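# Remarks on the overall topology
Spelled out from the first residue to the last, the chains are:
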Amino acid sequence: MTISIPRKSVLALAAVALLAATAALVPAAGAQTPVPISADTFSLTILHNNDGESKLLPDEDAGFPGVARFATQMKELQAAAADAGVVTLTSGDNFLASQELNVSLSREGALYDSIALSGLYDAMALGNHDFDLGPDVTARFIEGFDPAVTFLSANTDFSGEPVLQALVDSGVLAGSTVVETGGQQVGVIGAVTPQLRNISTPRNVVVSGVLAAVQAEVASLTEAGVNKIILVSHLQGVSEEVALVADLAGVDVVIAGGGDDLLRNEGDTCMPDDDPAGPYPMLVADSTGTDVPVITAPGGYRCIGALTVVFDGNGSIVSHSGRSVGVSFATTPDPAVQSSVIEPLAAAVAEIDADVIGTSEVDLDGRRASVRTGSSNQGNLHADALRATAANLAADFGTPMPDVAIQNGGGIRNDAVIPAGPITAGDTWDIAPFRNFVVVAEVPRETFHVLLEQAVDRIPGAGGQFPQVSGFTFSYDPSAPARETDRAGDCSLAGDPGSRIRDVTLDDGTAIVRDGAVVPGDPVVLVTIDFLANGGDCYPLADIEFTKLGVSYQQALANYIAEDLGGTITAADYPEGGDNRIVAVEAEPEPVTVTVKRGDSLWRIARIHLGSGDRWPEIFDLNRGRVQPDGRALRNPHLIQIGWVLELPAN
């Protein structure tokens, strides 16, 4: 039994919420569908994963079995399905800035990620993280595969990046490809999130809308006689693919990526202790009313999706069965991957982890939910490191002394609490793995105000643009209207300009914003990272000329701990729970009042509105002496007048 979602009957998040709520009621969804085989049908097994994100090394404590075990299990599943058609695909985020990736980047030749994944896939989609370090690293990753594999992204124009355009010209990078398997042709189309420019660093890669690009590839494949088509897309969450399918036509199966979403049936081995977002597969009706299986898997090489679909002679799916397979720690690692990737990588990482640069007296909180929603002591440490770096180098670069520094929460990647004790170079790489460099510029106060409105626009959600700050404090009202920008386009204002920021004050007492209004004065000297200075996370800084200081944000953090702090992170400077650099203030609620009617007493009003007549003294104390409409005031708790307006306690 599976769940079929009527066309356009669900919106993005509602789809996942509905499926999550019903998944427990649908035992073995998808796995029970019969698979008839006859002369005019074709059985295709689709093996897939997504969001590997350079989790190459095994980590039993964190639940990552490692890419060598993943490779073994993938090859076993491929062999088991070899008697019919089988295709192996991934939907992007194939690598991620990390300590492991930096080890790869520092050596000659292919990246370890490329070596580990070579020979496993028939086609691979590109995700946003595959552009995090710029197009040159994207190209190096693609070129490191032996044998070569086709990478897919239909809604991207690579002509502005010669190194990637060369891969397009050679056919290694394309919008779609055709895989021959089981005597049949299977078309595969790729797509990436339209938000690519705002959340990654694709440089001159141009991204367009997904729907039109995918439909154009469908038309091209159909015209070439291909009637079995799979979309591998990286739209940042399965809910996005669910919404897309409602407008699609001609796509038979969709593999989602970017959301780390778990789809699972009862009895499946993928993360059995976690709650699924829905069954495997989810069925979503397309624009013609045809049910399309939508599938995805959690990242980090923890799971492999296995969907078998049976097509009739016209290329229509007549049945399907599927399961989400967990990669087991009991699996024997692939010998080639173990010797060529795991062993040398583990040795290099161990050497970095052994390099102690300081000690912390306090646990440092770098959890995603902490650094993307509020002030965190690890976030404060990082922002202070940026400001100290700019101050130390001001004379060398001829830049003014910095007033403030901002590090976006999305650039802090360790997603963990580092316990009090030794701090290693490896810790700083875990925290700051991207190729972000420290930059400084004078920023008009009005722009700084808009920047902060942008930084808090996702609250109460956890947005990567949330700021960790140094050199100033600010307060904001999370209940006030948030800034609305065109995140899928040019980050222009698309609605309310936002009115959350209440007060911004420099550490020397200078007011930048007071009661929501900018205080006229000199520009603010801002230190940040070049990703934000270039307009990343829709920060309004792209038109300002910043000075790059030639220091990465990782090196700034390491230098600050080892040199500026003398190797000691104190609990006094960086207390647990952060400090009051960022304060969320709620607007005062409107008072609740009641108008006295005939027969009322304070006791009766307290019983009706506060739940107990014994609370009447609270009403009396709150209203004592307050002048009423008739000019009199409450003096005697036993004497109230009809028509008086009494305020009730807030609780």
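Look above for the structure.
So, here is what we can say about the structure in this document. These numbers come from a predicted model, not from an experiment.

### Describing the nonpolar core
Core analysis: the biggest nonpolar cluster contains 116 residues, and Phe448, Phe472 and Phe474 have the highest contact counts within it. Sequence-distant contacts of Phe472, defined by excluding residues within four places in its chain, comprise Val404, Ala405, Ile406, Phe448, Leu452, Val504, Thr505, Leu506, Asp507 and Arg581. Ranked by size, the runner-up nonpolar core spans 46 residues in total, among them Ala125, Val186, Val188 and Leu263.

### As for the pairing of strand 16 (residues 317–326)
Here strand 16 lies mainly inside the structure; seven of its ten residues are buried. In terms of strand pairing, strand 15 (residues 303–311) meets strand 16 through nine bridges, oriented antiparallel. Its bridge partner lying in strand 16, Leu307 is registered against Gly322. Following strand 15, the chain reverses through five residues before pairing antiparallel with strand 16; Gly315 in that reversal takes a positive phi of roughly 85°.

### Notes on the sheet that holds strand 31 (residues 582–584)
Think of a sheet as strands paired side by side through backbone hydrogen bonds, with each pair either parallel or antiparallel. Across the sheet, which stays open at both edges, the five strands sit in the order 27-26-25-24-31 with mixed pairing between neighbours. Of all strands in the sheet, those with a lone pairing partner are strand 27 (517–518) and strand 31, marking the two edges. Along the sheet, helix 14 (residues 445–455) makes contact with strand 24 (472–476), strand 25 (501–506), strand 26 (511–514) and strand 27, crossing strand 25 at roughly 125°.

### Some details on unusual backbone geometry
In this structure, Pro147 follows Asp146 across a cis peptide bond, with omega equal to 5°. By secondary structure assignment, the location of Pro147 is in the loop between helix 5 (135–143) and strand 5 (150–152). Unlike most non-glycine residues, Cys538 shows phi in positive territory, near 65°. Counting through the fold element by element, Cys538 comes out in the loop between helix 15 (530–533) and strand 29 (547–552). On the basis of relative accessible area, Cys538 is assigned to the buried category, the value being 6%.

### Considerations on the state of the cysteines
This model, assessed by the stated rule, comprises two disulfides. The side chain of Cys270 participates in a disulfide bridge whose partner is Cys303; the two sulfur atoms lie 2.1 Å from each other. A torsion of 85° about the S-S bond marks the disulfide between Cys270 and Cys303 as right-handed. Separated by 33 residues along the polypeptide, Cys270 in the loop between strand 12 (253–255) and strand 13 (282–285) and Cys303 in strand 15 bring together distant segments of the chain. The same class applies to Cys270 and to Cys303, which are both buried. There is a disulfide in this structure between Cys491 and Cys538, and the S-S distance comes to 2.0 Å.

Calculation rules
- Residues numbered from 1 in each chain as written.
- Predicted model: local features only at pLDDT ≥ 70, side-chain atom pairs only at ≥ 80, totals over all residues.
- Heavy atoms only, no water.
- Core = buried A, V, L, I, M, F, W, Y, C linked by side-chain atoms within 4.5 Å.
- Buried < 20%, exposed > 50% of the residue type's maximum accessible area, 1.4 Å probe, protein only.
- Contact = heavy atoms within 4.5 Å.
- Helix = DSSP H or I, 4+ residues; strand = E, 2+ residues; numbered from the N terminus.
- Pairing = 2+ DSSP bridges.
- Axes fitted to C-alpha atoms, helices over the stretch in contact; angles between N-to-C directions.
- Disulfide = S-S within 2.5 Å.

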